[in-house]
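This is what each chain is made of:
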Amino acid sequence: MAEGEDGSLAGREPRPEPGEEFEIVDRSQLPSPGELRSAKPQAGSEGWSAPILTLARKATGNLSASCGVALRAAAALGGADGGGDGGAASGARAASRCQMMEERTNLMHMMKLSVKVLLQSALSLGRSLDADHAPLQQFFVVMEHCLKHGLKVKKSFIGQNKSFFGPLELVEKLCPEAADIATSVRNLPELKTAVGRGRAWLYLALMQKKLADYLKVLIDNKHLLSEFYEPEALMMEEEGMVIVGLLVGLNVLDANLCLKGEDLDSQVGVIDFSLYLKDVQDLDGGKEHERITDVLDQKNYVEELNRHLSCTVGDLQSKIDGLEKTNSKLQEELSAATDRICSLQEEQQQLREQNELIRERSEKSVEELEKELELQIGMKTEMEIAMKLLEKDTHEKQDTLVALRQQLEEVKAINLQMFHKVQNAESCLQQKNDAITSFEEKNNQVMSSMKQMEERLQLSERARQGAEERSLKVQQELGGQTCALQQQLSQLHEQCSSLEKELKSEKEQRQALQRELQQEKDTSSLLRAELQQVEGLKKELQELQDEKADLQKVCDEQEQALQEMGLHLSQSKLKMEDIKEVNKALKGHTWLKDDEATHCKQCEKEFSISRRKHHCRHCGHIFCNMCSSNELALPSYPKPVRVCDSCHTLLLQRCSSTGS
């Protein structure tokens with residue numbers, strides 16, 4: 001038994017298994033075996049621990065079974081090295097599946113325990129929890145282990161990254177209500193790692209009472225979770241839906257968690273089993289076995305404590321380095337501040353000297369302003385005289401404008417009459433051109449018919465001459481055949497008479513055609529005369545158009561003159577308004593002295609060495625630099641001068657109203 005126990009204890013040496021992230025806390029917090037034996041379960045306080053104890057037994061049994069399975073898989077892998085690579089690979093896959101299954105079962109049982117203990121403790125405290133509540137902290141640790149189970153490792157240039165905040169960011173895309181949580185987590189300045197952001201996300205989701213809803217949305221979209229988790233992970237299997245069902249019961253709790261000041265980046269997720277071990281019914285074993293387990297647990301705790309201490313030492317060292325850097329920066333800033341104070345004192349002395357110079361210059365400027373006032377009075381009288389002359393000029397120009405408008409209307413009426421005449425002449429010319437073309441076509445047809453008749457007449461004369469020649473030859477050769485010849489001659493005479501008749505008819509037709517041709521020539525001569533008249537009308541039309549262009553030029557020049565006169569009138573009106581404003585400024589506004597004003601008129605801040613006095617050249621009051629930083633061109637000054645904000649807006653409104 002001792003050897004078996006030693007072997008089992010040797011096999012229980014803490015080794016980092018793949019996917020295993022459970023850790024053990026200080027064993028001194030747990031009760032000793034003697035105390036557990038002597039302790040008697042009480043009906044009132046321990047009545048609720050029986051179902052929790054069964055869940056704890058299952059969790060511990062599964063943990064030991066998973067360790068045994070891992071050891072057997074390692075031994076099988078070691079023995080199968082000489083048998084072949086294929087068997088080793090299949091054995092490794094089977095061992096990893098079994099181990100992942102055991103881990104899922106353990107995590108599910110631990111979640112049941114943590115949720116039940118949290119609900120029991122919350123009911124005893126009145127359903128209101130804070131961040132220091134131990135069962136609530138252990139619940140977040142178990143939840144973190146569940147989310148980390150089967151998480152894929154992402155490699156980058158810096159190193160390997162394994163964070164469960166990546167899957168939680170998907171909730172923002174799938175459920176728009178979670179956008180506020182994601183933005184608030186990203187905006188927290190004290191969170192610098194993805195693990196800290198994931199823990200803060202869990203805190204906020206629990207406070208909203210929607211942690212179960214958000215995780216259910218994730219599990220329903222497993223095709224998106226496959227990017228972050230292995231196929232055998234807890235979130236990819238049925239155990240994930242079981243955990244979501246357990247989390248629904250937490251909606252009855254009110255969690256008040258403050259994220260400010262919490263160091264969520266460097267917290268270590270350690271499961272404290274002492275919260276779940278409330279019964280001693282299943283404690284059977286020798287004192288030696290319990291002592292060895294206590295030593296091993298204490299060893300694990302010391303190692304974990306050393307690791308935490310090393311982390312805290314590293315953090316303190318980095319903080320010390322940061323404090324040294326800030327101390328050196330503060331010393332440099334202190335030296336720079338002393339130098340700045342010295343330079344400000346020198347500037348103060350210079351400003352005092354400048355203030356004395358400014359006072360002397362202000363006295364001189366007052367004398368100059370009095371002289372300018374006298375000049376402005378003289379300019380006022382001259383401007384009044386100029387205004388009277390401008391009024392006379394405007395009256396005369398208005399009379400000339402009326403006369404020019406009447407002349408322009410008369411020119412427009414003449415242009416309309418000339419335009420109507422030109423249109424009538426163009427229509428007549430078009431009709432006559434059409435008649436000339438028709439007559440020319442008829443003349444061509446008559447000439448072609450006359451040529452055809454002449455050709456036919458020539459053919460008939462040639463035929464008659466041939467017949468006469470043939471008759472003479474026949475008479476000479478055939479003197480005896482007189483009867484036949486006479487008959488033929490009579491026939492020939494008849495043919496000749498018929499031909500003569502045809503010739504007469506053709507001559508009559510030719511005479512008729514000549515008559516028609518003569519008539520056509522007469523009409524063509526008449527049309528040529530009319531065409532000459534039309535050309536004369538065209539010349540007259542061209543002359544009228546030239547006159548129209550000249551009149552249009554005169555009209556444009558007159559309109560341009562009217563526009564120029566309008567511009568002169570508007571400029572004279574603007575000058576009058578400027579003169580009136582100058583007169584108002586000279587009459588209504590007074591130039592305040594520097595000694596009379598101690599505060600700015602607009603912001604009412606007291607003047608000092610840094611806040612100097614400035615006069616508004618329009619109203620004469622004294623303002624600070626911030627209230628009188630605008631410049632405008634005034635009628636009484638040749639260049640843009642300083643004005644206050646109120647005068648600046650008033651003058652701009654006047655300019656815009658006059659411009660429109």
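Residues take numbers from 1 onward in each chain, read along the sequence in its written order. Side-chain atom pairs in this predicted model are given and counted only at pLDDT of 80 or more, local residue features only at pLDDT of at least 70, and totals for whole chains, interfaces and linings cover all residues. Side-chain measures here rest on the full set of heavy atoms in the structure, leaving out hydrogens and waters.

### A look at helix α6 (residues 165-174)
No. 1: Restricting attention to buried positions, one finds in α6 the residues F165, G166, P167, L168, L170 and V171.
No. 2: Residues of α6 that are buried in the fold lie against α5 (134-148), α7 (179-186), α8 (194-208), α9 (211-220) and α10 (222-225). Accessible area is worked out with a 1.4 Å probe on protein chains only. A residue is then buried under 20% of its type maximum, exposed over 50%, and partly exposed in between. In this text, helices come from DSSP runs of H or I with a minimum length of four residues, and strands from runs of E with a minimum of two, each type numbered from the N-terminal end. Residue contacts follow a heavy-atom distance rule, with two residues in contact if any of their heavy atoms lie within 4.5 Å.

### A look at a negative patch on the surface
No. 1: To count toward a patch, a residue needs a relative accessible area over 30% and no salt bridge; like charges are then connected within 9 Å, while nonpolar side chains (Val, Leu, Ile, Met, Phe, Trp, Tyr) are connected within 5 Å. With residues, only the protein chains shown are counted as cover, and all accessible areas are computed by Shrake-Rupley using a 1.4 Å probe. We count a salt bridge whenever a side-chain nitrogen from Lys or Arg sits within 4 Å of a carboxyl oxygen from Asp or Glu. For the purpose of charge, His is not counted, nor are the chain termini; Lys and Arg are scored as positive and Asp and Glu as negative. To locate a charge, take NZ of a lysine, CZ of an arginine, CG of an aspartate or CD of a glutamate. Together, E353, E356, E360, E363, E367, E368, E370, E372, E374, D595 and E596 line one region of the surface with negative charge.
No. 2: With respect to the helices and strands, the residue E368 is situated in helix α12 (residues 287-477).

### Digging into the nonpolar core
No. 1: Each nonpolar core is a collection of buried residues, namely Ala, Val, Leu, Ile, Met, Phe, Trp, Tyr and Cys, held together in the definition by side-chain atoms within 4.5 Å. If you look at the biggest cluster of nonpolar residues, it comprises 60 residues, and the most contacted ones within it are M111, F139, L147, W201, L215, Y229 and L247.
No. 2: Contributions of two or more residues to this core are made by α4 (85-125), α5, α6, α7, α8, α9 and α11 (238-248).

### Regarding the pairing of strand β7 (residues 630-633)
Remark: a regular strand shows side chains that alternate across the two faces of the sheet.
No. 1: Here, any two strands with at least 2 DSSP bridges between them count as paired. Pairing of β7 with strand β8 (residues 640-643) involves four bridges; the strand directions are antiparallel. Residue pairing across strands places L632 opposite V641, the latter belonging to β8.

### Comments concerning α7
No. 1: Among all positions in α7, only I181, A182 and V185 are buried. One side of α7 holds all its buried residues, which, seen down the axis, span an arc of 95 degrees.
No. 2: Where α7 is buried, its residues touch α6, α8 and α9. To be clear, the arc concerns the directions from the helix axis to the C-beta atoms.

### Quick word on the packing of α9 against α11
No. 1: Helix axes are fitted only over the stretch in contact, all axes being lines through C-alpha atoms; the angle between N-to-C directions runs from 0 to 180 degrees. Remark: α9 packs on α11, axes separated minimally by 8 Å, with the N-to-C direction vectors making an angle of 165 degrees. Relative to α11, the element α9 is oriented roughly antiparallel. For the element pair α9 and α11, the recorded crossing hand is left-handed. From α9, L211, A212, L215, K216 and I219 reach across to α11, where they touch G240, M241, V244, L247 and V248.
No. 2: When grouped by side-chain class, the residues that make up the contact of α9 with α11 number eight nonpolar, one polar and one charged. Note on angle classes: values under 35 degrees are labelled roughly parallel, values over 145 roughly antiparallel, values of 65 to 115 roughly perpendicular, and the remainder oblique. Should the near helix be turned anticlockwise from the far one by less than a right angle, the crossing is left-handed, and should it be turned clockwise, the crossing is right-handed. Ten residue types, Ala, Val, Leu, Ile, Met, Phe, Trp, Tyr, Cys and Pro, are classed as nonpolar, four, Asp, Glu, Lys and Arg, as charged, and the remainder, Gly among them, as polar.

### Concerning the confidence of the model for the protein
No. 1: Across the chain, each position has a pLDDT score giving the predictor's confidence in that residue, from 0 to 100. Mean pLDDT over the protein stands at 75; residues scoring 70 or higher make up 78%.
No. 2: Of all the helices and strands in the protein, helix α1 (residues 2-11) carries the lowest mean pLDDT, 35, while α9 carries the highest, 89.
No. 3: Note on residues 63-71: pLDDT under 50 across the span, and 10 contacts to partners over four residues away in sequence or across chains.
No. 4: Long-range and interchain partners of residues 278-284, a stretch whose pLDDT sits below 50, account for nine contacts in this model, where long-range means more than four residues apart.

### Digging into the pattern of salt bridges
No. 1: Tallied over the full model, the rule gives eight salt bridges.
No. 2: Salt-bridge contacts for E169 lead to R186; the nearest nitrogen and oxygen are separated by 3.8 Å. Of this pair, E169 sits in helix α6 while R186 sits in helix α7, placing them 17 residues apart in sequence.
No. 3: The class of R186 is partly exposed, set by a relative accessible area of 39%.
No. 4: For the salt bridge of K209 with D254, the shortest nitrogen-to-oxygen distance reads 2.7 Å. Here D254 lies in strand β4 (residues 254-256) and K209 lies in the loop between α8 and α9, a separation of 45 residues in the sequence.
No. 5: For D254, a relative accessible area of 37% translates into the label partly exposed.
No. 6: Linked by salt bridges that have partners in common, E144, K148 and R199 make up one network.

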